[in-house]
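The primary structure of each chain is shown beneath.
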Amino acid sequence: MYDAGTASAEEYFEGSLPFTKEAEIASSLQVVVDAIVQAWKYSGGEGRCLRYSVMPNQTFITSFQRGNFKIDASLDLNQEEEFKAIYSTNVVVAMDFELHRHDDTVCRGHQQLISETVHIMNNDVRRMFMFGITIEETRVTLWYFSRSHSMKTQSFDLTEDSETLVEVLISLMFAEDKDLGFDPNIALTSHHTKCQYIYTVNSETGPRRFMTTHSISENRALSVAGRMTRVFRVLELEGQTNEPKEGAKSMVLKDVWLDEGSRTEIQIQQALFADIEKFAKNPEWRKDPSLSGFSNAKHEEILRAFGEVLEGDRYKDLFLVIRDGSTGEPLKPLPSSAWPPQSKAFFSAAETPHLDVAYASTQRLAGPQSNAARDRQLRPADQVAEAPLQNYTSKRRSFLIFDDECTRLHCLPTVGDVLTVLRQCIIALRLMFCAGWVHRDISCNNIMAVQDPQTKQWNLKLADLEYSKKYGVNVAASDTKTGTPFFMSCEILRHRYFGLTKETDGDDEDESDDENDDENDEGGDRPHDDSCQKPLLHNYLHDLEATFWTGLWIITNRVEHEESETYARSIFQDTLTLTLPPSRLDAFELPIGAALHDCLLPKLQRLAPIFETVRKHLYSCAIKLGKKEAWTIPEGHQQYSALHARFAVLFNRLANPKAAWAAVPLQLAASSSLRFVTDVVVEKAAQPLCMAQDPEGKYSPEAEVEEEDEEEVKGDKMNVRMKRKRKAKEEKEEGEGEEGYLRHMQGLPSFTLPVH
């Protein structure tokens, strides 16, 4: 085959150059492939041979809307000749040809191949990796795309090195499925637009086979590398047949890519449960320092109910328990001989710094938005300057099996259902706190619920523990940013603690400070030198803060009310850079009660003072922890416990089923897509959203449910004063009102997505 292919290539190229059309490039490969296939058939034709298809006008069919695309040629699995369209699940090696070799055509060809590969790997869950080929004039480049990393070779000239071309084609055409990137533990059972797959889960008790019946969640990534989480409803099959087991009930299968060497979610869950059981078995658990904040008589009923949760395995009812699972082999690591790319196709046009890549491993995006939008935010933006080669970690695939198919928090029927489940989430986080664990990814996607068929009450199933960890294990280095940006804590987003401030001597009543006050006291929270920068750990406060943002987002953006949606769009912004928007910082540092009251539906307005009280306790706790640098010491543990106690009281009140807000319906999930920053419509109502008082007197601070610490109130007043001064300076520079706000929005950076 090698000799026949080489002879055919040399003969064809000798009289066919230069190419005048892209079709001639495709035809040249057809001649070489035909010679290889004829020699293979002459030798007996054993095994399988991929077919070479030239398809400049053929459409590829994928299993998701707007997924049709075209490529120049491919090596694909054999299909019936009468099909005018080719299913993307049959494409094995995608190819793109460009007639000329210029910067713009080279970039266009690279981006086209990358786009084709992303489409195919999104569409076909079997793919672990893919190969690709680009040709510009006579220069051939080979590509490798995987969930860990992507690579390309140096190009070679097909007219001068036809031997290499033939070797590549033979290697690809006759390779086994596993060597071409197909996962041996996933089989495709249908080639129609609605694909069905059979997963083999190699559990400790032996292999179990599950057929997908419905897609619950699929991540349509905008890049190749990443976690690529998919969730399916499945039925377990009988033996090696395609028939469901007798009496088999619907289950849930989660398919996710993990870093090699990282613990699987089932291992993390088992470790967490072991620590919770250790706490529960202590007969003196009420005296544990984690519960020191529950010292008042009003906490007695809370502790009694908490004790019931600790009995037996009842605490597991609050979590989405993993029933089985398996992990595959790691992908090939990045070769040590690789070097960073130089092509413009790989770099951003904006000066946007690299993000910490844990979503790579770890970073998560706002739940209720499209999965494509999620992945766009997850990926790090490359700098224009030459980037060093990243230390890409090889990934491996993990399958997890769950009993329950849950409903996400933002898809529940009513506000009352949401607040009831959030109250249960506070209990689950208290369990984790007592066990010494932080969740690190609280969001409306991971706070799930199932409905009791008899009582019709929605019950919590806290999910996605893959980022959970013991708190304070490594205090010398900062945690990578993890979580869903809409709901991540302010400290995590800005990567700096509150409370690490330079002492100020300002008088509350005197605002005639010198011109440098804004620079020295910006927001009352500016570090006075680099020594204030401390390793930032995701702590217990951050988990509780995420529940606050989740609840606030739902009562403003998931009810059908334009005024509250406008309010939400200002606070919950897709910045694409995992940074803290100023409006989000304002909503944490400054009182929100008045503005929240005025924007909410009338039946929800009584929620405003409670949410304001929650905000005030969060901010006060953050300041106290920062001033004493008490995040990991016993004094800080007391602050966390006190905060948990306050949350328990407040969320008990929020979950009142008889309250006026409880029956307010949420919008249907299909209409809950998030708006991006560029979609914000600036209206008169969109004035500064965090006000110290309501000029019309509609909002009553006295409605807040707990007595206030005088020091906290004084601190809030100081922050309000300094915030107002900073805002006045910004408005003077940018122009007041809507015009300045629009200029700010138009000045946000944009960038093209890199390839990993």
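Structural data are supplied above this passage.
Position numbers for residues start from 1 in each chain and track the written sequence from start to end. For a predicted model such as this one, the threshold for reporting local features is a pLDDT of at least 70, and the threshold for listing and counting side-chain atom pairs is 80 or more; totals across whole chains, interfaces and linings nevertheless cover every residue. Side-chain calculation: all heavy atoms of the structure are included, whereas hydrogens and water are not.

For the purposes of this entry, the term helix denotes a DSSP run of H or I that reaches at least four residues, the term strand denotes a run of E that reaches at least two, and both are numbered from the N terminus. Helix and strand content of the chain: 18 helices and 21 strands. Pairs at least 24 apart in sequence give 74% of the contacts found in the chain among residues at least 6 apart. Computed by Shrake-Rupley with a 1.4 Å probe, the accessible areas treat only the displayed protein chains as cover when residues are assessed. Accessible surface, the chain as shown: approximately 33800 Å² in total, 48% of it carbon and sulfur. Here a residue-residue contact requires only that any non-hydrogen atoms of the pair lie within 4.5 Å.

Turning our attention to the environment of I133. On the secondary structure map, I133 appears in strand β6 (residues 129–136). The classification of residues rests on relative accessible area computed with a 1.4 Å probe and restricted to protein chains. Under 20% of the type maximum is buried, over 50% is exposed, and intermediate values are partly exposed. Overall, I133 belongs to the buried group, its relative accessible area being 4%. Separated by 36 residues in the primary sequence, I133 and F97 have C-alpha atoms spaced 8.5 Å apart.

Bringing the packing of helix α5 (residues 265–280) against helix α8 (residues 415–435) into the picture now. Where α5 meets α8, the closest approach of the two axes is 8 Å, and the angle between their N-to-C directions is 80°. Between α5 and α8, the crossing angle belongs to the class labelled roughly perpendicular. Counted together, L272, D275, I276 and F279 of α5 and L431, M432, C434 and A435 of α8 form the full contact between these two elements. Note on residue categories: nonpolar means Ala, Val, Leu, Ile, Met, Phe, Trp, Tyr, Cys or Pro, charged means Asp, Glu, Lys or Arg, and polar means any other residue, Gly included. Across the contact of α5 with α8, the residue classes tally to 7 nonpolar, no polar and 1 charged. For helices, the axis comes from a line fit to the C-alpha atoms of the stretch in contact; other axes are also lines fit to C-alpha atoms, and the angle between any two N-to-C directions lies between 0 and 180 degrees. Orientation labels follow simple angle bins: below 35 degrees gives roughly parallel, above 145 gives roughly antiparallel, 65 to 115 gives roughly perpendicular, and whatever is left gives oblique.

Here the focus is the sheet that holds strand β19 (residues 447–451). Two strands are said to pair when DSSP picks up at least two bridges between them. As summarised here, the arrangement of the 3 strands in space is β17-β19-β20, forming an open sheet in which the pairing is antiparallel. For this open sheet the edge positions go to β17 (407–408) and β20 (458–462), each flanked by a neighbour on one side alone. Here 5 bridges tie β19 to β20, and the two strands are oriented antiparallel to one another. Within β20, the residue paired with M448 across the bridge is K461.

Moving on, we get to the side chain of S148. Following the sequence through the fold, S148 ends up in the loop between β7 (139–146) and β8 (150–152). Polar side-chain contacts of S148 include one of 2.7 Å to the backbone nitrogen of K395. Apart from residues no more than four positions distant in its own chain, S148 is found in contact with A225, L331, Y392, T393, S394 and K395. Throughout this description, a polar contact denotes any pair of N or O atoms lying within 3.5 Å of each other; where both atoms belong to protein, one of them has to be capable of donating a hydrogen while the other can accept it, and for residues adjacent in sequence the pair is counted only when both atoms sit in side chains.

Read across the open sheet, the 7 strands follow the order β10-β11-β12-β13-β14-β16-β15; overall the sheet is antiparallel. The sheet is open, and its two borders are formed by β10 (186–188) and β15 (322–327), each paired with just one other strand. For this sheet the average axis-to-axis angle between neighbouring strands, irrespective of direction, equals 35°. In terms of strand pairing, β10 meets strand β11 (residues 197–203) through 3 bridges, oriented antiparallel. The residue of β11 that forms the bridge with A187 is I198. The strands touched by α5 within the sheet are β14 (251–259), β15 and β16 (395–402), with β15 carrying the most contacts at an inclination of about 135°.

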